[in-house]
Amino acid sequence: MTSSYTGLYVQRLENGDIHSVQVVDTGGNSIPLDPQVYVDRGVLPPIGTLPDQEDYVKSQP
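Residues numbered from 1 in each chain as written. Predicted model: local features only at pLDDT ≥ 70, side-chain atom pairs only at ≥ 80, totals over all residues. Heavy atoms only, no water.

1. Comments concerning the side chain of Ser20
- Examined against the element boundaries, Ser20 turns out to sit in strand E2 (residues 18-25).
- Take Ser20: its relative accessible area is 7%, and that puts it in the buried class.
- With sequence-adjacent residues up to four places away left out, Ser20 is seen in contact with Tyr9, Val10, Gln11, Pro32, Leu33 and Pro35. (Helix = DSSP H or I, 4+ residues; strand = E, 2+ residues; numbered from the N terminus. Buried < 20%, exposed > 50% of the residue type's maximum accessible area, 1.4 Å probe, protein only. Contact = heavy atoms within 4.5 Å.)

2. Looking at the packing of aromatic side chains
- Taken as a whole and judged by the stated rule, the model has 1 aromatic pair.
- Aromatic side chains Tyr9 and Tyr56 sit 4.9 Å apart centroid to centroid with 35 degrees between the ring planes, which places their arrangement in the tilted category. Linking Tyr9 in strand E1 (residues 5-12) with Tyr56 in helix H2 (residues 53-59), this pair joins segments that are 47 residues apart in sequence.
- Note on Tyr9: relative accessible area 11%, which makes it buried. (Phe/Tyr/Trp six-rings, centres within 6.5 Å; stacked < 30°, edge-to-face > 60°.)

Following this line, the structure appears as structure tokens:
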């Protein structure tokens, strides 16, 4: 099963645990997903390869 979402970045708690994954759908709509939902739906890229929100924001033009 291929997801219609693509992962953008993760949001972490102070202790480093991922509490949310920001994704974008094929229509360009961006929403947060629970990390387990992200994994269960097989969203790519793998959650472990996504940047933190701060790093993602810095990389945007």
